Amino acid sequence: MRAIPWLLSRTGARPLAVLAALTSTSWAGAQDAVADRGGADAVAEAVRALREPGSAEWVLLVRRVLLEVHDADGSGWLDAGAEVGAVTCATWQAVDAGVRLRWDRGVWDTYGVGGGAFWLASVLGVDLGARSDLRRALVGCHLGPVGGSDEGQVAAELRERLRSPLARELLALPDGGSDAWDGQVRTRLVAAHDHDATGRLDQPGEVEAVSCEVWEAVDAGVRQGWGSSLYAVYGFAPEASWVGGVLGVAQEVRTAAAARLEGCGLAEEGLAIEPDGPDPEAHIRALRGGGTNAWDDQVRRVLLGSFDADGSGMLDEDHEVDAVPCEVWRAVDAGVRQSWPAGLYLTYGFDPDLVWIGDAIGLHEGTRQASVDALRACEVQGAQQRLGVSTDPWRVADRLASLPDAGGPVWTEIVRASLLRGYDVDRSTWLDRPDEVRAVPCTLWSALDLAVRRDRGKGLVAAYGLDPDRRWRGWALGVQAPLRAIAEDAVRACLLPEPVPGAEVLPEPAPDRLAELLLPFDLDLSGSLERAREVRRVPCSVWKGLDAQSRRETGLGALDRYGLHAGARWTGDVVGITAGARAGAVRAAARCLPR
């Protein structure tokens, strides 16, 4: 192990953590080379020494090494330009070479750096906010796209012919498809076309007034970030989940907006590759956007075009499933892993303990067992053993809490599968309805929170961006962004309030002293709760006690007496809540006090 101290002295990394990461791998083969070469990049040598390049385990270890050496602020991410820029070209080349051994493509394409189906470089520890920094780093290390990316070429051609100033402005926005980009697009579209000043495009005439050039520019931005069209990704397609609201387009005009995109030639229809060719494996491997709705549709047509013997529009006979060769199953699995590291078997619900989603790629649930047998016979990764997810929340909670690396990519995928298994009522593959999110029991939320705190040093709300002050990552748990506030409230309602520094731990209060109990949640000691962050800390026991006291004194519940619902006159200042915190108080009280 004589190379280890030299590595630590060169990198300034935390010794025990790096040692733990490196000694759990085949480090022995590289240690002599590192020591002998002296001036070589020790981190790059460490990456090259890791076993099974490109595998999920390899990715996790690469992430640990990169973060231990280069995560200067201890955030758990490479989320600053200086952190990404500090990674040497030798290290990026070692990572790229390892990825290519498994995926035939490097970091740029495999992890969506250049605008692939999804941003996946997060599995390497690079935050989405540092996407442009990683692009610059890889290009500088000659690991970027050869001859420029397709998206970049399309954007350049589009820029040459656009005449609309708004379209040009939209096309110039960076990080297409990101949360920040969504907000900027929304601001500009609403400013230009919201004729009735509602803050949304909620009239058919408003949507139709948006020129095709503007829609083309928005579509080009989406393709940079997602590798698929605005029509598919933001839910204008009839079968997709609606996300157009983040761009300022109201769901009430979804049909009109879809028709407008279709009229502008921006609705994705048909296949990029015809499904009736002689080699379905090649067709599937050539499809872009693995794991997205648009990709599902294309894979479905390829499979049906090749193996639907009776023309029923589904693979609904066991012999049809049995006819699919192993190389095709592996091609589908590889495509899924572009977006979902857990792979085909878990993500699409082949495991008997998960919700079935195989029909998205043309497999009838009646052939589920035949499909499972086929994937196991073909040794598709993940199909060899049962996930073992139970619908009993206590058993699920115990199992998930015991898994290692809580908050990591593999743990997150298993949690997502468990949540969808139990609570995705409409089988949309998302928790995309308020009742679905609220149905997750406190037993499960609290277990997940404790596990993430154990391994990440911060709770579920912070780690997955449920708090609006943080980057949204709740999608990784299967929760759609429009339900962010509901998810935050659901999780916080299940957690014990965090102790306020310096606050006295009070005994169970007498009913006439309940109003005074709001004061321990006054974080800035201002004498009142004037921020949503303070109000959110008030537990349900206090709200319920306040409600009971109010009913005894006036016959009115706390919601009505203090104006804690829309339309009521605000009197919350009586109990120390200022009008500036009204919105947060309304949300906090509503989760505890049903009307």
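Residues numbered from 1 in each chain as written. Predicted model: local features only at pLDDT ≥ 70, side-chain atom pairs only at ≥ 80, totals over all residues. Heavy atoms only, no water.

A.B. asks: Which residues make up the overall build of the chain, and what values do they have?
C.D. replies: Across its full length, the chain holds 32 helices and zero strands. Within the span of the chain, comprising 595 residues, buried residues form 52% of the whole. Sequence separation of at least 24 residues holds for 56% of the intrachain contacts in the chain that already meet a minimum separation of 6. As presented, the chain carries roughly 26,200 Å² of accessible surface, and 53% of it is formed by carbon and sulfur atoms. (Helix = DSSP H or I, 4+ residues; strand = E, 2+ residues; numbered from the N terminus. Buried < 20%, exposed > 50% of the residue type's maximum accessible area, 1.4 Å probe, protein only. Contact = heavy atoms within 4.5 Å. Areas by Shrake-Rupley, 256 points an atom, 1.4 Å probe, with all protein chains shown as cover.)

A.B. asks: Outline the state of the cysteines, supporting the account with residue identities and numerical values.
C.D. replies: Applying the stated criterion to the full structure yields three disulfides. Residue pairing for Cys212: its cysteine sulfur links by disulfide to Cys264, the two sulfurs lying 2.0 Å apart. Around the S-S axis, the bridge from Cys212 to Cys264 shows a dihedral of about -80 degrees and counts as left-handed. Highlighted residues: Cys212 in helix H14 (residues 212-226) and Cys264 in the loop between helix H16 (254-263) and helix H17 (280-286), separated in sequence by 52 residues. For Cys212, a relative accessible area of 26% translates into the label partly exposed. Using a relative accessible area of 15% as the deciding quantity, one classes Cys264 as buried. The disulfide partner of Cys326 is Cys378, and the gap between their sulfur atoms is 2.0 Å. Between Cys326 and Cys378 the disulfide shows an S-S torsion of about -80 degrees. By sign, it is left-handed. One end of the pair, Cys326, is in helix H20 (residues 326-336); the other, Cys378, is in the loop between helix H22 (368-377) and helix H23 (393-402), and 52 residues separate them in sequence. (Disulfide = S-S within 2.5 Å.)

A.B. asks: Could you give an account of the confidence of the model for the chain, with specific residues and numbers?
C.D. replies: In the predicted model, the chain carries a mean pLDDT of 75, and the fraction of residues at 70 or more is 75%. Per-residue pLDDT, averaged within each element of the chain, yields its smallest value for helix H1 (residues 3-11) (34) and its largest for helix H13 (residues 204-208) (92). Below pLDDT 50 for its whole length, residues 1-40 participates in 62 contacts with residues either more than four positions away or in separate chains. The low-confidence segment residues 496-515 (pLDDT under 50) makes 25 contacts with residues lying over four places distant or belonging to another chain. (pLDDT = per-residue confidence, 0-100.)

A.B. asks: Before we move on, can you summarise the packing of aromatic side chains with the specific residues and values?
C.D. replies: In this structure the tally under the stated criterion is one aromatic pair. The ring of Trp77 has Arg63 lying over it, and the distance from NZ or CZ to the ring centre is 4.7 Å. One residue, Arg473, lies across the ring of Trp77, its end atom 4.5 Å from the ring centre. (Phe/Tyr/Trp six-rings, centres within 6.5 Å; stacked < 30°, edge-to-face > 60°. Lys NZ or Arg CZ within 6 Å of the ring centre and 35° of its normal.)

A.B. asks: Lay out the side chain of Glu206 in plain terms, naming residues and giving numbers.
C.D. replies: Mapped onto the elements of the fold, Glu206 is located in helix H13. In this structure, Glu206 is buried with no salt-bridge partner, the nearest side chain bearing the opposite charge being Arg200 at 8.0 Å. Among the polar contacts made by the side chain of Glu206, one reaches the main-chain amide nitrogen of His195 at a distance of 3.0 Å. When sequence neighbours within four positions are dropped, the list of residues in contact with Glu206 reads His193, Asp194, His195, Asp196, Arg200 and Leu201. (Lys, Arg positive; Asp, Glu negative; His and termini not counted. Salt bridge = Lys/Arg side-chain N within 4 Å of Asp/Glu carboxyl O. Polar contact = N/O pair within 3.5 Å; in protein donor to acceptor, adjacent residues only side chain to side chain.)

A.B. asks: Pulling in residues and values, what's your account of the environment of Asp318?
C.D. replies: By the element assignment, Asp318 lies in helix H19 (residues 318-322). By relative accessible area, Asp318 is classed as partly exposed at 41%. Setting aside residues no more than four positions away along its own chain, Asp318 makes contact with Gly366, Thr367 and Ala370.

A.B. asks: Mind laying out the pattern of salt bridges, listing which residues take part and the relevant values?
C.D. replies: Any two side chains of opposite charge can pair, so long as their charged atoms come close to each other. Following the criterion strictly, the structure yields 13 salt bridges and no others. We note a salt bridge from Arg453 to Asp449, for which the minimum N-O separation is 2.7 Å. Taken together, the residues Arg453 and Asp449, both in helix H26 (residues 442-456) and four residues apart, mark about one turn of the helix. Taking the relative accessible area as the measure of exposure, Arg453 reaches 34% and is therefore partly exposed.

A.B. asks: I'd like a rundown of the packing of helix H30 (residues 540-554) against helix H32 (residues 582-592), residues and numbers included.
C.D. replies: Taken N-terminus to C-terminus, the directions of H30 and H32 make an angle of 85 degrees; their axes are 9 Å apart at the nearest point. Between H30 and H32, the interaxial angle falls into the category roughly perpendicular. Counted together, Cys540, Trp543 and Lys544 of H30 and Ala585, Ala588, Ala589, Arg591 and Cys592 of H32 form the full contact between these two elements. For the contact of H30 with H32, the class distribution of residues is six nonpolar, no polar and two charged. (Axes fitted to C-alpha atoms, helices over the stretch in contact; angles between N-to-C directions. Parallel < 35°, antiparallel > 145°, perpendicular 65-115°, else oblique. Nonpolar A, V, L, I, M, F, W, Y, C, P; charged D, E, K, R; others polar.)

A.B. asks: I'd love a proper account of the side chain of Arg473, names of residues and values included.
C.D. replies: Here Arg473 lies in the loop between helix H27 (460-463) and helix H28 (484-494). On the basis of relative accessible area, Arg473 is assigned to the buried category, the value being 16%. Ignoring any residue separated from it by four or fewer positions in sequence, one finds Arg473 in contact with Trp77, Asp127, Ala463, Tyr464 and Gly465.

A.B. asks: Summarise H26; cite the residues concerned and give the values.
C.D. replies: For H26, with 15 residues, the first-to-last C-alpha span of 20 Å sits near the 21 Å given by 1.5 Å per residue. Along H26, the residues classified as buried are Leu444, Trp445, Ala447, Leu448, Asp449, Ala451 and Val452. Gly457 sits one or two positions beyond H26 and adopts a positive phi of about 75 degrees. (Expected span 1.5 Å × (residues − 1).)

A.B. asks: I'd like a rundown of unusual backbone geometry, residues and numbers included.
C.D. replies: Only a minority of non-glycine residues have a phi that is not negative, and only a minority of peptide bonds are not trans. One non-glycine residue, His142, adopts positive backbone phi at about 60 degrees. By secondary structure assignment, the location of His142 is in the loop between helix H9 (131-140) and helix H10 (150-161). One non-glycine residue, Ala197, adopts positive backbone phi at about 55 degrees. On the secondary structure map, Ala197 appears in the loop between helix H12 (179-193) and H13. For Ala197, a relative accessible area of 66% gives the class exposed.

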